[in-house]
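Report on the structure
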Amino acid sequence: MKQRIRQVLATALLAVALGAMAGISWPGMASAGEASIQVAAVPAPAIPEAKPGTECVRDPEFMRRNHMDMLKHKRDLTVHEGNRLPEFSLNECIACHAVKGDDGKNVTVADSRHFCRSCHDYAAVKVDCFQCHASRPEAGDTALQSSPHGMNVLALSEFLKGVQE
Amino acid sequence: MSCTDKETCTCTPAGSLPVDGEASPGIEAGRRAFIKAGGAFATIALTPTVTLMSFGGGKANAAQESLDPKARWGLLIDVAKCGTGCSECVSACQKENGWQDTGHPETDAQWIRKVTVKNPKSGAVAELPVMCQHCDEPPCADVCPTGASFKRADGIVLVDKHLCIGCRYCMMACPYKARSFIHETLIDQKPYAPRGKGTVESCTMCVHRVDRGEIPACVESCNLTGGGAMMFGNLNDPQSEIAKRVAELTSTQLRPDLGVDPGVHYTYL
């Protein structure tokens, strides 16, 4: 029964949306139609630049699609098997993609300018990494990301194979 | 070239070492890193009367790819040397892993605590640090409904907080009261020691340091500024300092009758 109601509602909603887009003017709906068109045109997020002189483990297009699987695979390797290689580690992502706030300090994920948030807000995908993990590098930490990743192609393909499993 | 004997290690520049055949640049770089690390160990080991560590395989790499499944990391605590009122190990752990007292003793996390024990008959009093005992058969892992509590292949008992649902069953099961639950939202955790509200946590034997080939923060501070009562090493390696000491001294585990075989041993208790 519930499902049936949901179906009807969804169909009705679709009809209204299509109507609005087609420019059919419903009584009293003209302004609402304009508003929904504006909402649909949310600008793409301004993605903060990574730390200069650094290079990501893969190109941005690949990372956008696959970073979550890579992080998840790496987290299991780290926690259970003691893999501490810097490649694919969340700490490395955070170190490279830190964003400075107005006070000159790196912002936490509570700030909408945070690298992860800039996209995740746009995509409306909630991340829970930062309930436990620090969302900015430790103050004064220069140990991380002192040099660009010398990514070994073989190691990378091995790792990605693991991600797909 | 072997730097396994830390006391007598004379670390000479790599160029002057006898090299058999042609060493590839990779090997040479590895050798340099190893020598550097060996030098660092020699410095620490040569502080008076104290040998800080004993490493099974002599691994000294900066970032490892996987743990050593043959190891059984453990601690040996000399209760006779554990100073009255000294809490260097506790503060070192707090600093390293980012937990602290917030004035709520009922709910504050405690990864390690100083415990005073008294023999009611003789009146003898002793102080000792108690942390996760890293049992060989951990009851916390037995009862965990999600598999979040687990023992690594090298004997370190951990909580995988990605799996922990915060049921706290492990806290009930632990005979050493070693685990804590995080009640409040946290920010700016240590990058290598993630902690978060709604999960259970405990001593990790500084797993991030062990994986780098270093010793736990408590052991380090105890030996530098405390009473020198703590020793860390591989119990499975008969050549390691800790295994030799455990073999020659009469040591005990806490509540050995429970049969959980803790990795933390105490002497003079």
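Rules used in this analysis
- Residues numbered from 1 in each chain as written.
- Chains lettered and ligands numbered in written order.
- Predicted model: local features only at pLDDT ≥ 70, side-chain atom pairs only at ≥ 80, totals over all residues.
- Helix = DSSP H or I, 4+ residues; strand = E, 2+ residues; numbered from the N terminus.
- Buried ≥ 20, exposed ≤ 12 C-beta atoms within 10 Å, placed from the backbone.
- Contact = placed C-beta atoms within 7 Å.
- Pairing = 2+ DSSP bridges.
- Core = buried A, V, L, I, M, F, W, Y, C linked by C-beta atoms within 7 Å.
- pLDDT = per-residue confidence, 0-100.

Here's the deal with the overall build of chain A
Scanning chain A from N- to C-terminus turns up six helices and zero strands. Along the chain direction, N to C, the helices and strands of chain A fall in the order α-α-α-α-α-α. Within chain A, buried positions represent 22% of all 165 residues.

Digging into the environment of Arg-113 of chain A
Relative to the helices and strands, Arg-113 of chain A resides in the loop between α4 (90-96) and α5 (115-123). The contacts of Arg-113 of chain A, once residues within four sequence positions are left out, are Pro-48, Val-99, Gly-101, Val-107 and Ser-118 of chain A.

Points about the pairing of strand β11 (residues 264-267) of chain B
All names here are of chain B. Direction of pairing for strand β2 (residues 73-78) relative to β11: parallel, over a ladder of four bridges. Its bridge partner being in β11, Leu-75 is matched across the sheet by Val-264. With two bridges connecting them, strand β10 (residues 251-252) and β11 associate as antiparallel partners. Residue pairing in the sheet places Ser-251 in a bridge with Thr-267 of β11.

Some words on the nonpolar core
Core analysis: the largest hydrophobic core is formed by 51 residues, its most contacted members being Leu-75, Ile-77, Cys-218, Val-219 and Met-230 of chain B. Going through the elements one at a time, β2, α2 (88-97), β6 (157-159), α5 (207-210), α6 (217-224), β9 (230-234), α7 (241-248) and β11 of chain B are the ones with two or more residues in this core. Setting aside anything within four residues of it in sequence, one finds Cys-218 of chain B in contact with Cys-89, Ala-92, Cys-93, Ile-112, Pro-129 and Met-230 of chain B. By size, the runner-up hydrophobic cluster in this structure holds six residues, among which are Leu-90, Cys-93, Ile-94 and Ala-95 of chain A.

Concerning the confidence of the model for chain A
Detailed reading of the predicted coordinates is not advisable wherever pLDDT is low. All names here are of chain A. Averaged over all residues, the pLDDT of chain A is 78; the fraction at 70 or higher stands at 66%. Within chain A, helix α2 (residues 30-40) has the poorest average pLDDT of any element, 54, and helix α3 (residues 60-81) the best, 94. Contacts of residues 25-30 to residues separated by more than four positions or lying in other chains number three contacts, the stretch itself having pLDDT below 50. Across residues 142-150, confidence stays below pLDDT 50; counting only partners more than four residues off in sequence or on other chains, it has 15 contacts.

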